Amino acid sequence: MNRLLRIRPGFLVVFGSSAIGGAAYRFLKAPSPSDASLNPHSFTPYTLVDKQTVSPSSAIFTLRHSESAREPESVQEAWVRSVWSVQAKQPQLQIARAYTPLPPRSDAPAADETSEDVRLLIRAEAGGEVSTYLHALPENATIELRGPNIECELPHDIKEVVFLAGGTGIAPAMQVAQVMGRRTGSKMCILWANRRRDECVGGVSDEHILANPVHQAGSWWRGLLGISQPAAQEAPQVPVSGGQGVIVQELEALKERNSFRTRELSVHQELSVQYYVDDEKKVIKPADIAKRLHDSTPDQKGSKLILVSGPDGFIEHWAGKKLWIGGREVQGPLGGALGQMDLKDWKVFKL
Ligand SMILES: Cc1cc2nc3c(=O)[nH]c(=O)nc-3n(C[C@H](O)[C@H](O)[C@H](O)COP(=O)(O)OP(=O)(O)OC[C@H]3O[C@@H](n4cnc5c(N)ncnc54)[C@H](O)[C@@H]3O)c2cc1C
C-alpha cells in the first residue's frame, strides 16, 4: 500500500498505482475554483475536526469540507460498489499519499458527525514524509484532499469475500464490509493481522467466540468469571471502551449491521473477523484461509473473491508482487502463499 506522488509546481510525476497512473492527465489540469467539492482534478481544503488516537502509531482523522460542500455523486457511487481512496497533500514538499476513507460509523449519534465527513485511519510511519506531517497537525488545521480514486470495483455478482488485511489494510476491508452489507445473502470474513496487540485491543476472533460461548457474555460476566481482557491489559495507554479499541468497536458495529435474525431467532452473521497478532505468535496460516474457501453448491450463485491489502511485504507474501508495466501498476501473476493453494473458483485481487 505504498504510493508516491510528487507534485512540482506546474506538473506532477506519478510513481504510483494503476488508478493514479491511468488518470495522470487529470493532475495536469489547473485547479479550478469551481471545483468546490472533493474531486480528482484539484486539491480541496478540508478542516481536521477531530483526531482520535487508535493506537500508539495510528489515529482516525475526521475531516470536514471547509465550505460544507455536499458529498459529490462520485463518492456516493464509490460507497456502493468500490474500494476507493483519496490523496492527502503535504504542501511544503508538494507530495501526496493515498489514504482509504473509513465507512461512516453506523453506531454514531447523527449529531456527532455528518456522514459526509471523511474519516481516515492513518498510521504514522517512522520517517514517513506525509504520515508524520499529518500526525503533527493540530485540530482545525487544513488538509487538502483529492479524489475519489477507485482502486477496485466489486461487481454485483460478488457474494462472498475473504479479506486478508495487514495493519491499516483494515480500512479497505471496512469499505468492502460496508458494500457487502448492502447485498442480501452476502458473506465476508476478514482475517486481520497486526504486529502488536495495541492496534486491535479487545478484538476476539469470531471463531474463538463460537468455540468459547462464554466470550459472548458482557464484560461484567467476564470479570466475574475471571476472564481477562488481554489486550486492554497489555496496552493500557490505548483508548478503549468496554475493553475494545476504536477499530475493534467499529468492526463490531459493522458486524451488527451485517447480521440478521433468522426465523428461529438465532443471529446469522454475514461478517466475521479473525484477529492475528505477531507479538502473540498468532499469524494467519494458509489453513485458516483454505477452510473458508468452500465449494459452490448449485444454488449458490455469484462470484467469490479473496482480497489482499496491507504493506507491500504483506501483499507479496500472500499473493506475490504487483508489477509496473508501461507506467501502470498491474496485478501481476498470482504468487506467494495463495499461489501455492487450491483456491477452487475463488479469484484473488491485490489492493
Ligand atoms: C491505495 C492506497 C491506500 C492507502 N490507504 C492507507 C490508509 O488508509 N492508511 C494508511 O496509514 N496508509 C495508507 N496507505 C499508505 C500511504 O499511502 C503511505 O504510503 C503511508 O502513509 C506512508 O507514506 P509517508 O509519506 O508517511 O512515508 P514515505 O515517506 O513514503 O516513507 C515510507 C517508509 O519508507 C521509509 N523510507 C522513505 N525513504 C526511504 C529511504 N530513502 N530509504 C529507506 N527507507 C525510506 C520511511 O522511513 C517510511 O517508513 C495507502 C496506500 C495506497 C496505495
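You'll find the structure just up there.
Here the structure is a predicted model, which means the values were calculated and not measured.

A.B. asks: Would you mind going over the sheet that holds strand S9 (residues 158–166) in detail, with residue names and values included?
C.D. replies: Across a sheet, paired strands are connected by hydrogen bonds in the backbone, their directions being either parallel or antiparallel. The sheet built from 5 strands is open, its strands ordered S13-S10-S9-S14-S17 with parallel pairing. Looking at which strands have only one partner, the edges of the open sheet turn out to be strand S13 (271–277) and strand S17 (346–350). Between one strand and the next, the sheet's axes are offset by a mean angle of 15°, whatever the strand orientation. Most of the contacts of helix H5 (residues 170–180) go to S9, to which it runs at about 165°, and overall it touches S9, strand S10 (187–194), S13 and strand S14 (303–309). Contacting S9, S10, S14 and S17, helix H11 (residues 312–319) crosses the sheet at an angle of about 140° to S14.

A.B. asks: With reference to specific residues and values, describe the packing of aromatic side chains.
C.D. replies: All chains considered together, the criterion is met by 2 aromatic pairs. Look at Trp-79 and Trp-84: their rings are 5.0 Å apart centre to centre, the planes differ by 85°, and that puts the pair in the edge-to-face class. With respect to burial, Trp-79 and Trp-84 carry one shared label: buried. With a centroid separation of 6.0 Å and an interplanar angle of 50°, the aromatic rings of Trp-192 and Tyr-275 are classed as tilted. In this pair, Trp-192 sits in strand S10 while Tyr-275 sits in strand S13, placing the two residues 83 residues apart along the sequence. Accessibility classification places Trp-192 together with Tyr-275 in one group, the buried group.

A.B. asks: Which residues make up the environment of Phe-349, and what values go with them?
C.D. replies: Tracing the backbone shows Phe-349 in strand S17. Along the sequence, Phe-349 and Ile-315 sit 34 residues apart, while their C-alpha atoms lie 9.9 Å from each other. Setting aside its immediate chain neighbours within four residues, Phe-349 contacts Glu-151, Cys-152, Leu-305, Ile-306, Leu-307, Val-308 and Gln-331.

A.B. asks: An account of the environment of Val-75 is needed here, citing residue identities and associated values.
C.D. replies: Locating Val-75 in the fold gives a position in helix H3 (residues 73–81). With 36 residues separating them in the primary sequence, Val-75 and Asn-39 have C-alpha atoms 9.0 Å apart. If near-sequence neighbours (up to four positions away) are discounted, Val-75 is found in contact with Leu-38, Trp-84 and Pro-148.

A.B. asks: Give a description of the pattern of salt bridges that names residues and reports values.
C.D. replies: Summed over all chains, the structure comprises 14 salt bridges. With its nearest N and O atoms 2.8 Å apart, the salt bridge here joins Asp-117 to Arg-64. With Asp-117 in the loop between strand S6 (95–99) and strand S7 (118–123) and Arg-64 in strand S4 (residues 58–65), this residue pair connects regions lying 53 residues apart in the sequence. For Asp-117, a relative accessible area of 8% corresponds to the buried category. Take Arg-64: its relative accessible area is 29%, and that puts it in the partly exposed class. Among the ionic pairs, Glu-199 bridges to Arg-123, the shortest N-O distance being 3.9 Å. Of this pair, Glu-199 sits in the loop between S10 and helix H6 (206–211) while Arg-123 is found in strand S7, placing the two residues 76 residues apart along the sequence. Assessed through its relative accessible area of 15%, Glu-199 is described here as buried.

A.B. asks: Any chance you could break down the nonpolar core for me, citing the residues and the numbers?
C.D. replies: Residues Phe-163, Ile-170, Ile-190 and Ile-247 are the most contacted members of the largest nonpolar core, which totals 35 residues. No other element matches H5, which puts 8 residues into this core. In contact with Ile-190, not counting residues within four places along its chain, are Phe-163, Ile-170, Ala-173, Leu-251, Leu-271, Ser-272, Val-273 and Gln-274.

A.B. asks: Residues and numbers for H11, please.
C.D. replies: Considered for burial, the residues of H11 that qualify are Phe-314, Ile-315, Trp-318 and Ala-319. Projected down its long axis, H11 carries its buried residues within an arc of 95°, all on one side. Contacts made by the buried residues of H11 are with S9, S10, helix H10 (286–290), S14, helix H12 (336–339) and S17. Of the residues flanking the end of H11, it is Gly-320, one or two places downstream, whose phi is positive at about 85°.

A.B. asks: So what's going on with the packing of H3 against H5? Residues and values would help.
C.D. replies: Across the interface, H3 lies against H5 with an axial gap of 6 Å and an inter-helix angle of 80°. In terms of orientation, H3 and H5 fall into the roughly perpendicular class. Between H3 and H5, the residues in contact are Trp-79, Val-80 and Arg-81 and Gln-175, Gln-178 and Val-179, respectively. Considering only residue class, the contact of H3 with H5 consists of 3 nonpolar, 2 polar and 1 charged.

A.B. asks: So what's going on with unusual backbone geometry? Which residues, and what values?
C.D. replies: That bond from Gly-147 to Pro-148 is cis: its omega, 0°, falls within 30 degrees of zero. For Gln-94, which is not glycine, the phi dihedral falls at a positive 55°. Assignment of secondary structure puts Gln-94 in the loop between strand S5 (82–90) and S6. Of the residues examined, Gln-94 reaches a relative accessible area of 23% and is grouped as partly exposed. The phi torsion at Asn-140 lies on the positive side, around 75°, for a residue other than glycine. One can find Asn-140 in the loop between helix H4 (129–136) and strand S8 (142–153).

What counts, and at which threshold
Throughout, a residue's number is its position along its own chain's written sequence, starting from 1. Only residues with pLDDT of at least 70 are given local features in this predicted model, and only at 80 or more are side-chain atom pairs given and counted; all residues enter the totals for whole chains, interfaces and linings. Remark: hydrogens and water are excluded; side-chain values derive from all non-hydrogen atoms of the structure. Paired strands, as defined in this entry, are two strands with at least two bridges between them according to DSSP. Secondary structure is summarised from DSSP: a helix means a run of H or I of at least four residues, a strand means a run of E of at least two, and numbering begins at the N terminus for each. Axis lines are fitted to C-alpha atoms, over the contacting stretch for helices. Their N-to-C directions set the angle, which ranges from 0 to 180 degrees. Any two residues whose heavy atoms approach within 4.5 Å at even a single point are treated as in contact. Here a pair means two rings of Phe, Tyr or Trp (six-membered ring of Trp) with centres within 6.5 Å. Their orientation is stacked below 30 degrees between planes, edge-to-face above 60, and tilted elsewhere. Burial classes follow relative accessibility: with a 1.4 Å probe on protein chains only, a residue under 20% of its type's maximum area counts as buried, one over 50% as exposed, and anything between as partly exposed. The rule for a salt bridge is simple: a side-chain nitrogen of Lys or Arg has to be within 4 Å of a carboxyl oxygen of Asp or Glu. Side-chain atoms within 4.5 Å are what join buried Ala, Val, Leu, Ile, Met, Phe, Trp, Tyr and Cys residues into a set we call a nonpolar core. Comment: arc refers to directions from the helix axis out to C-beta atoms. When describing relative orientation, an angle under 35 degrees is termed roughly parallel and one over 145 degrees roughly antiparallel, while 65 to 115 degrees is termed roughly perpendicular and anything else oblique. When residues are sorted by character, Ala, Val, Leu, Ile, Met, Phe, Trp, Tyr, Cys and Pro go into the nonpolar class, Asp, Glu, Lys and Arg into the charged class, and all the rest, Gly among them, into the polar class.

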